[in-house]
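Below, each chain spelled out in residue letters.
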Amino acid sequence: MHRQKINDATNFIAKLSLAKCVNAIKVFISYGLSRLIGKPLMLGMPLAISVEPTTACNLSCPECPSGLKSFTRPTGRIEVAVFKQYIDALKDQLIYLSFYFQGEPYLHKGFLDMVGYAAHLGIYTATSTNAHFLNEENAKKTVESGLDRLIISLDGANQDSYQKYRVGGELDKVIAGTKRVLSYRAAIKSKTPFVVFQFLVVRHNEREIESIKRMAKEIGVDEVWFKTAQVYDFKNDPNQLIPQNERYSRYTTGANGSVQSKNKMENHCWKMWHSNVITWDGKVLPCCFDKDAQHQMGDLGKAEMHQIWDGKNYHQFRKELMKSRKNIDICSNCSEGISIWQ
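Residues numbered from 1 in each chain as written. Predicted model: local features only at pLDDT ≥ 70, side-chain atom pairs only at ≥ 80, totals over all residues. Heavy atoms only, no water.

1. Structural notes on the overall build of the chain
When helices and strands are counted, the chain shows eleven helices and twelve strands. The contacts of the chain with a sequence gap of at least 6 include a subset with a gap of at least 24, amounting to 69%. Accessible surface, the chain as shown: approximately 15,800 Å² in total, 51% of it carbon and sulfur. Side-chain charges in the chain split into 45 positive and 35 negative, and the spacing between the mean points of these groups amounts to 4 Å. (Helix = DSSP H or I, 4+ residues; strand = E, 2+ residues; numbered from the N terminus. Contact = heavy atoms within 4.5 Å. Areas by Shrake-Rupley, 256 points an atom, 1.4 Å probe, with all protein chains shown as cover. Lys, Arg positive; Asp, Glu negative; His and termini not counted. Charge placed at Lys NZ, Arg CZ, Asp CG, Glu CD.)

2. Considerations on the packing of aromatic side chains
Throughout the structure, instances matching the rule amount to twelve aromatic pairs. Plain terms: the ring middles of Phe-12 and Tyr-124 are 5.3 Å apart, the flat faces sit at 70 degrees to each other, and that makes the pair edge-to-face. Of this pair, Phe-12 sits in helix 1 (residues 2-14) while Tyr-124 is found in strand 3 (residues 124-129), placing the two residues 112 residues apart along the sequence. On the accessibility criterion, Phe-12 (29% relative accessible area) is partly exposed. Exposure remark for Tyr-124: the relative accessible area of 1% places this residue in the buried category. Among the aromatic residues, those joined into a cluster by ring pairs are Phe-28, Tyr-31, Trp-270 and Trp-273. The ring of Phe-289 has Lys-291 lying over it, and the distance from NZ or CZ to the ring centre is 5.2 Å. (Phe/Tyr/Trp six-rings, centres within 6.5 Å; stacked < 30°, edge-to-face > 60°. Buried < 20%, exposed > 50% of the residue type's maximum accessible area, 1.4 Å probe, protein only. Lys NZ or Arg CZ within 6 Å of the ring centre and 35° of its normal.)

3. Some words on the side chain of Ser-249
Considering the arrangement of structural elements, one finds Ser-249 in the loop between strand 6 (223-228) and strand 7 (251-253). Reaching out from Ser-249, the side chain makes a polar contact with the backbone nitrogen of Tyr-251 at a distance of 2.9 Å. (Polar contact = N/O pair within 3.5 Å; in protein donor to acceptor, adjacent residues only side chain to side chain.)

4. Some points on the pairing of strand 9 (residues 275-278)
Judged by which residues are buried, strand 9 turns out to be covered on both faces: Ser-275 and Val-277 on one side and Asn-276 and Ile-278 on the other are all buried. With four bridges connecting them, strand 1 (residues 48-51) and strand 9 associate as parallel partners. By the bridge assignment, Ser-50 is partnered in strand 9 with Val-277. As paired strands, strand 9 and strand 10 (residues 283-285) are joined by two bridges and run antiparallel to one another. When the sheet's bridge partners are listed, Ile-278 is paired in strand 10 with Val-284. Connecting strand 9 to the antiparallel partner strand 10 that follows it, the hairpin turn spans four residues, and Gly-282 within it adopts a positive phi of roughly 90 degrees. (Pairing = 2+ DSSP bridges.)

5. What about the pattern of salt bridges?
One pass over the structure, following the stated rule, counts 14 salt bridges. A salt bridge links Lys-5 to Glu-223; the nearest nitrogen and oxygen atoms lie 3.1 Å apart. Of this pair, Lys-5 sits in helix 1 while Glu-223 sits in strand 6; the two residues are 218 residues apart in sequence, bridging distant segments of the chain. Here Lys-5 falls in the partly exposed class, since its relative accessible area comes to 40%. Residues joined in a network through salt bridges with shared partners are Asp-281, Lys-283 and Asp-299. (Salt bridge = Lys/Arg side-chain N within 4 Å of Asp/Glu carboxyl O.)

6. Regarding the pairing of strand 5 (residues 194-201)
Summarising burial for strand 5: eight of the eight residues are buried, a large majority. With burial as the criterion, each face of strand 5 is covered, one bearing Phe-194, Val-196, Gln-198 and Leu-200 and the other bearing Val-195, Phe-197, Phe-199 and Val-201. As defined by bridge partners, strand 4 (residues 149-153) adjoins strand 5 across five bridges and the pair is classed as parallel. Its bridge partner lying in strand 5, Leu-150 is registered against Val-195. The pairing of strand 5 with strand 6 spans six bridges and is parallel. By the bridge assignment for strand 6, Phe-197 is matched with Val-224.

7. Some details on the packing of helix 3 (residues 80-90) against helix 4 (residues 111-120)
Running from N to C, helix 3 and helix 4 point in directions that differ by 20 degrees, and their axes come no closer than 10 Å. The angle between helix 3 and helix 4 places the two elements in the roughly parallel class. Where helix 3 crosses over helix 4, the handedness of that crossing is right-handed. Counting all contacts with helix 3, which are made through Val-80, Phe-83, Lys-84 and Asp-88, the residues of helix 4 involved are Met-114, Tyr-117 and Ala-118. Taken together, the residues that form the contact of helix 3 with helix 4 break down as five nonpolar, no polar and two charged. (Axes fitted to C-alpha atoms, helices over the stretch in contact; angles between N-to-C directions. Parallel < 35°, antiparallel > 145°, perpendicular 65-115°, else oblique. Left-handed = near helix turned anticlockwise from the far one by under 90°. Nonpolar A, V, L, I, M, F, W, Y, C, P; charged D, E, K, R; others polar.)

Pasting the structure below:
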């Protein structure tokens, strides 16, 4: 596992060009100066982007708008040719590309073709999946696509626990799919993808943390991440998901007994300066917490990313965030800095 972490780090560094490094410096300077002067300033382009292959999903997780089919925005899947246009315009500056927002990426038939295209351009690629579609063919294609990081959601050490959140899911399929990827990676002596088990810690599975660590070690997974759960109605927690161990929770109980977010809601956010989200239909969103696309910064069908990134809507959004972040709805449940432990 340690060797694979080193491989992943060196692989990431190897993809850094001079142009990408210069852009990253500009973005860091922009963020620092913005905080110093108290006004938004942008000198570079995004370092990281999340692209939504599709909004479709095979599971029905209780806190997921995709699984619950509760979107108010249009649903669908991105066209491969359109995706290539987006990436061609960003390839010189983009360092990290995540193929995930809402939905299950493997339900898009062209998903791995898009991965291969981005990988060929020297962009570090990642995705998050429920791993129900990692059959022999897809496992082989996943490794051959050049995908750098494969994040597999596994939220229970047994079927009963797993299906309480991953409603409709089959733990055996997840494990079998993971093994197929690792087996083929070893067979062709590939260094990628770096395979991660991501364990969403909720009340019914919080005692299974050590079991998951053992399972990952036995299977040969490269790393395990423990992620806190986003609960929309966290004050009431209707699905009883918030764990009792506050180390693995985004929330804490105040002196008056009320549940509140751990996030201090300071008037700045690194995400607003280095990354954003592109929905399947080309809408540019500030971050992954805007699941229903209520805060659209622009439309890539009507403008280029550089126009949107440093445009009027983004400038106003960053300005409002720096003035009173707590008044922005999608920030109220933000987990930046408190979401994952390894």
